[in-house]
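Remarks on the overall topology
The primary structure of each chain is shown beneath.
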Amino acid sequence: MLLVELAVSSVGGGYPSDLTDEQWALVELLLPPARVGPKGGRREKHPRRRILDAIFYVVRTGCSWRRLPKDFAPWPTVY
């Protein structure tokens, strides 16, 4: 199991729960590749890193999904 320490990132809103560049480099390797091409899905609307940052924000702050700050992806996308 990968234990990710939450820290301030240079990307996005700058929340304490955002991934650092080093943490993102490790986590990104664990995500499946985006499905693009003739038989794949459509382009991703929101960066995966910001979606993960939003999930970590909810976990760290205990806020509800619907109360995510507006600089994250919409809450249904993150949920």
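Residues numbered from 1 in each chain as written. Predicted model: local features only at pLDDT ≥ 70, side-chain atom pairs only at ≥ 80, totals over all residues. Heavy atoms only, no water.

Turning our eyes to something else, we now look at the packing of aromatic side chains. Enumeration over the complete set of coordinates arrives at five aromatic pairs. Ring centres 5.0 Å apart and planes at 65° place the aromatic pair Tyr 15 and Tyr 57 in the edge-to-face group. One end of the pair, Tyr 15, is in the segment before helix 1 (21-28); the other, Tyr 57, is in helix 2 (residues 48-61), and 42 residues separate them in sequence. (Phe/Tyr/Trp six-rings, centres within 6.5 Å; stacked < 30°, edge-to-face > 60°. Helix = DSSP H or I, 4+ residues; strand = E, 2+ residues; numbered from the N terminus.)

The next point concerns the pattern of salt bridges. Under the defined criterion, the tally for this structure stands at five salt bridges. It is possible to trace a salt-bridge network through shared partners that takes in Asp 18, Arg 50, Asp 53 and Asp 71. (Salt bridge = Lys/Arg side-chain N within 4 Å of Asp/Glu carboxyl O.)

Counting residues in hydrophobic clusters, the biggest one holds 10 residues: Tyr 15, Ile 51, Ala 54, Tyr 57, Val 58, Cys 63, Leu 68, Phe 72, Ala 73 and Val 78. Take this core: its biggest share by element is four residues, from helix 2. With near-sequence residues (within four places) excluded, Ile 51 lies in contact with His 46, Ala 73, Thr 77 and Val 78. Grouped together as the second largest cluster of nonpolar side chains are five residues, Leu 19, Trp 24, Val 27 and Leu 52 included. (Core = buried A, V, L, I, M, F, W, Y, C linked by side-chain atoms within 4.5 Å. Buried < 20%, exposed > 50% of the residue type's maximum accessible area, 1.4 Å probe, protein only. Contact = heavy atoms within 4.5 Å.)

To continue, consider helix 1. For helix 1, every residue scored as buried is listed here: Gln 23, Trp 24 and Val 27. For helix 1, the angular spread of buried residues about the axis comes to 100°, placing them on one side. Of the exposed residues in helix 1, those oriented more than 90 degrees away from the buried face are Glu 22 and Leu 26. (Arc of directions from axis to C-beta.)

Where helix 1 meets helix 2, the axes come as close as 11 Å, and the angle between the chain directions of the two elements is 105°. By the criterion of interaxial angle, the relationship of helix 1 to helix 2 is roughly perpendicular. From helix 1, Asp 21, Trp 24 and Val 27 reach across to helix 2, where they touch Arg 48, Arg 49 and Leu 52. For the contact of helix 1 with helix 2, the per-class residue count stands at three nonpolar, no polar and three charged. (Axes fitted to C-alpha atoms, helices over the stretch in contact; angles between N-to-C directions. Parallel < 35°, antiparallel > 145°, perpendicular 65-115°, else oblique. Nonpolar A, V, L, I, M, F, W, Y, C, P; charged D, E, K, R; others polar.)

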